[in-house]
Amino acid sequence: MTDYAGRLRLGVNIDHVATLRNARGGELPDPVRAAQLAEEAGADGITAHLREDRRHIIDSDIDRLMDTLRVPLNFEMAATEEMQKIALRHKPHAVCIVPEKREERTTEGGLEVAREENKLAGYIAPLREAGCRVSIFIGADERQIAAAHRIGAQVIELHTGAYCDAHAEGDFETRDRELEMMREMSAYANSLGLEVHAGHGLTYDTVTPVAAFPEVMELNIGHFLIGESVFRGLGPAIAEMRRLMDAARA
Ligand code: PXP
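Read on for a plain summary of the structure.

Conventions we followed
Residues numbered from 1 in each chain as written. Predicted model: local features only at pLDDT ≥ 70, side-chain atom pairs only at ≥ 80, totals over all residues. Heavy atoms only, no water. Core = buried A, V, L, I, M, F, W, Y, C linked by side-chain atoms within 4.5 Å. Buried < 20%, exposed > 50% of the residue type's maximum accessible area, 1.4 Å probe, protein only. Helix = DSSP H or I, 4+ residues; strand = E, 2+ residues; numbered from the N terminus. Contact = heavy atoms within 4.5 Å. 1 Å grid on protein atoms, 1.4 Å probe; cavity = no way out; pocket = protein on both sides within 12 Å on 5 of 7 lines; lining within 4 Å. Points joined across faces, edges and corners; volume = space filled by probe spheres on them. Nonpolar A, V, L, I, M, F, W, Y, C, P; charged D, E, K, R; others polar. Pairing = 2+ DSSP bridges. Right-handed = clockwise from strand over helix to strand, strands pointing away. Axes fitted to C-alpha atoms, helices over the stretch in contact; angles between N-to-C directions. Phe/Tyr/Trp six-rings, centres within 6.5 Å; stacked < 30°, edge-to-face > 60°. Parallel < 35°, antiparallel > 145°, perpendicular 65-115°, else oblique. Left-handed = near helix turned anticlockwise from the far one by under 90°. Near = heavy atom within 4 Å. Polar contact = N/O pair within 3.5 Å; in protein donor to acceptor, adjacent residues only side chain to side chain. Areas by Shrake-Rupley, 256 points an atom, 1.4 Å probe, with all protein chains shown as cover.

Here we come to the nonpolar core. Ranked by internal contacts, the top residues of the largest apolar core, which has 73 residues, are I46, I97, I136 and L219. Per element, the largest residue contribution to this core is seven residues, and it comes from helix α11 (residues 234–249). If sequence neighbours within four positions are ignored, I136 has contacts with I97, L111, V113, A148, I151, A153, V155, I156 and E157.

When its volume is computed, the largest pocket comes out at roughly 540 Å³. Lining the largest pocket are 26 residues, with N13, H49, R51, E76 and H200 positioned closest to its centre. Residue assignment for the lining of the largest pocket shows that the elements contributing at least two residues are α1 (15–24), β2 (45–49), β8 (216–221) and α10 (223–232). Looking at the lining of the largest pocket, its residues break down into six nonpolar, eleven polar and nine charged. Taken as a whole, the second largest pocket holds about 380 Å³ of empty space.

Among the six residues of strand β5 (residues 133–138), five are classified as buried, and the element is accordingly described as predominantly covered. Where strand β4 (residues 94–97) meets β5, four bridges bridge the pair, whose relative direction is parallel. Considered in β5, the bridge of C96 is made with S135. Relative to strand β6 (residues 155–159), β5 is paired through four bridges, and the arrangement is parallel. The partner of I136 across the bridge, within β6, is I156. With helix α6 (residues 142–150) bridging β5 and its parallel neighbour β6, the resulting β-α-β unit is right-handed.

The next point concerns the sheet that holds β2. The sheet built from eight strands closes into a barrel, its strands ordered β1-β2-β3-β4-β5-β6-β7-β8 with parallel pairing. The average undirected angle you get between the axes of adjacent strands in this sheet is 25 degrees. Contacts from helix α5 (residues 117–129) reach β3 (73–77), β4 and β5, with the element oriented near 165 degrees to β4.

One pass over the structure, following the stated rule, counts one aromatic pair. Where Y204 meets F224, the ring centres are 4.7 Å apart and the plane angle is 80 degrees; that geometry is what we call edge-to-face. Placement of Y204 in the loop between β7 (195–199) and α9 (207–211) and of F224 in helix α10 is noted, with a sequence separation of 20 residues between them. Under the relative-accessibility criterion, Y204 is labelled buried at 14%.

Remark: α6 packs on helix α8 (residues 172–191), axes separated minimally by 10 Å, with the N-to-C direction vectors making an angle of 25 degrees. Classified by the interaxial angle, the pair formed by α6 and α8 is roughly parallel. Considering the relative orientation of α6 and α8, their crossing is right-handed. Where α6 abuts α8, its residues E142, I145 and A146 lie against M185, Y188 and A189.

Our focus in this paragraph is the site of the ligand. Neighbouring residues of the ligand: 13 residues in total, closest E76, E157, G201, G222 and H223. A distance of 3.1 Å separates an oxygen atom of the ligand from a polar atom in the side chain of H200. In this structure, H223 approaches the ligand through a main-chain N or O atom, which is 2.8 Å from an oxygen atom. When the free accessible area of the ligand is taken as 400 Å², the share hidden by the protein chains comes to 91%.

Here we take up the packing of helix α3 (residues 59–68) against helix α4 (residues 81–90). α4 packs onto α3 with a crossing angle of 20 degrees between their chain directions and a minimal axis gap of 11 Å. As summarised for this structure, α3 and α4 are arranged roughly parallel, according to the angle between their axes. In the crossing of α3 with α4, the sense of the turn from one axis to the other is right-handed. On α4, the residues that touch D59, I62, D63 and M66 of α3 are I86, R89 and H90.

In short, the description is geometric, and any link to function would need to be established separately.
Structural data, given as structure tokens:
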């Protein structure tokens, strides 16, 4: 079992700055500027998801992020040939494989790894050889985690969406069940030697229990932080998330 006593990292996802830009066309607001501000505010990494339909981040954003970032880029992408080529051209620090289409989703919302094991193993091998840390975005499901381990992923990112949705809906029984599953599965993944990350839908109200899991090394948070930055500015929005994460870990 790995000892993960280090500081919990915060990866700031800047996709929705690009969503706002694309709503008007043109170049503003610039997600790369948001990434630079996030770095200054203490983000340990920047996450960006290049979708097949380019609905938010576009290719030139990735080019500019690779040229300008001082912290590592976590490049989220679907397991397609096109995305693999782009990742191999840039060789970002980390590549997180996420589902792109509904049919690729498990009920928990992450990638269906177990059914696609051979295909995914072949898909991620060149990414690993290129030096990227490969992460798989999955639900808190033992079968999926074991499969992620077997295919050679170094990291899993647990999908916190169902937990956050249940909290927002006031369904505390489901919320607590989801949390318990994530707690157990973080420990299980860690026992296999996988590094554990978590994210999706996290807010100031939901971050604390997840940040408190000792095996979780990184949280990736976007939509809430970008929304909150309208009210308090991006730097202060990130600083408050950082404070809550550190307090949960203390
Ligand atoms: N982690 C992964 C793998 C994601 O795909 C996303 C974006 O959906 C996030 C984290 C961040 O989620 P959110 O924007 O809801 O904070």
